[in-house]
Amino acid sequence: MRLLLIEDNLELANGLVHSLAQSSYVMDVVHTARAALIACATMSYQLVILDLGLPDMDGLNLLRRLRQQGMITPVLILTARDELQDRIHGLDAGGDDYLSKPFELGELEARIRALLRRGCPANPILSFGGINFDTLSRQATIDGMTLDLTARELAVLELLLQRPGRIVSKRQLMESIYENADDTNLTVIEVFVSRLRRKLEDAHAGVGIRALRGLGYRLEQSSHE
Ligand code: CA
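What you see is a predicted model; the values in this text were computed from it and never measured. (Residues numbered from 1 in each chain as written. Predicted model: local features only at pLDDT ≥ 70, side-chain atom pairs only at ≥ 80, totals over all residues. Heavy atoms only, no water.)

A look at the coordination of the calcium ion
Protein-derived ligands of the calcium ion are D8 (OD), D51 (OD) and G53 (O), with the metal-ligand distances lying across 2.2 to 2.4 Å. Mapping the donors of the calcium ion onto the primary sequence gives the spacing D-x42-D-x1-G. Linking D8 in the loop between β1 (2–6) and α1 (10–22) with D51 in strand β3 (residues 47–51), this pair joins segments that are 43 residues apart in sequence. Residue classification places D8 among the partly exposed positions, given a relative accessible area of 29%. (Donors = N, O, S within 2.8 Å, 3.2 Å for Na, K, Ca; no water. Helix = DSSP H or I, 4+ residues; strand = E, 2+ residues; numbered from the N terminus. Buried < 20%, exposed > 50% of the residue type's maximum accessible area, 1.4 Å probe, protein only.)

Encoded structure:
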């Protein structure tokens, strides 16, 4: 799950990114509306968290602009403004939910889960071979046993499970786990994939990750002969 946080208060932004990353969300953060427009044009997010008070554009104008550009991602508005009129304007501008500052982290996380559930009304469980992956609770299980995976391994597994039997490129995997995919060498993906592959083998998942030279990876049912 890749989330975009648009928040110009660096302290708050860093704190939220840190906390939400622990819940296994991949977080991108931008501090201006300008950067948000670029981020939303180049990356697809499952959720956008938007602070209304931005230095270069009012958050509501930014939101209207994103909606006009066809962005359908759910948007959770964060703001110090707490008047009913402000909430109404926020929802009218295309916001899906509204949280007033200051807020408790637990409430933010609950709102995020609720919006993500709404955003994917289909089955939140991805299944392949013996693996069940709950995309909301961020848990992968095999025969009811939870796999002990890191956030990045979970992100790799999630993307592979979304495209079972199809090739997923290293670049796509990279974008699902790193904030700045360009800055990191693609070979680190090999490290995550091989760790994940070993854990799946150890857990007798009945699923293997095949490397296709120069192309990427594909999730396949393991054959035991
Ligand atoms: Ca602000």
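Concerning the domain arrangement of the protein chain
Taken domain by domain, the protein chain comprises domain 1 (2–119) and domain 2 (125–221). The straight-line distance from the C-alpha centre of domain 1 to that of domain 2 is 27 Å. With nine residues of domain 1 in contact, the opposing surface of domain 2 contributes ten residues. Taking both sides of the interface into account, the surface hidden between domain 1 and domain 2 amounts to around 770 Å²; carbon and sulfur atoms contribute 55%. (Domains from an automatic or database assignment. Contact = heavy atoms within 4.5 Å. Buried area = accessible area lost by both parts, 1.4 Å probe.)

Examining the pattern of salt bridges
For the coordinates displayed, the defined rule picks out eleven salt bridges. A salt bridge links K170 to E190, with the nearest nitrogen and oxygen atoms 2.6 Å apart. With K170 in helix α7 (residues 170–177) and E190 in helix α8 (residues 187–202), this residue pair connects regions lying 20 residues apart in the sequence. Classification of K170 by relative accessible area gives partly exposed; the value is 25%. We classify E190 as partly exposed; its relative accessible area is 37%. Its salt-bridge partner being R210, residue E220 comes within 2.8 Å of it at the nearest N-O pair. (Salt bridge = Lys/Arg side-chain N within 4 Å of Asp/Glu carboxyl O.)

Details of the sheet that holds strand β8 (residues 139–142)
With antiparallel pairing, four strands are arranged side by side in an open sheet as β6-β7-β8-β9. In this open sheet, the two edge strands, each paired with only one partner strand, are β6 (125–128) and β9 (145–146). The pairing of β6 with strand β7 (residues 131–134) spans four bridges and is classified as antiparallel. Paired with F128 across the bridge in β7 is I131. Its contacts with the sheet put helix α6 (residues 151–162) on β6, β7 and β8, and the angle it makes with β7 is roughly 110°. (Pairing = 2+ DSSP bridges. Axes fitted to C-alpha atoms, helices over the stretch in contact; angles between N-to-C directions.)

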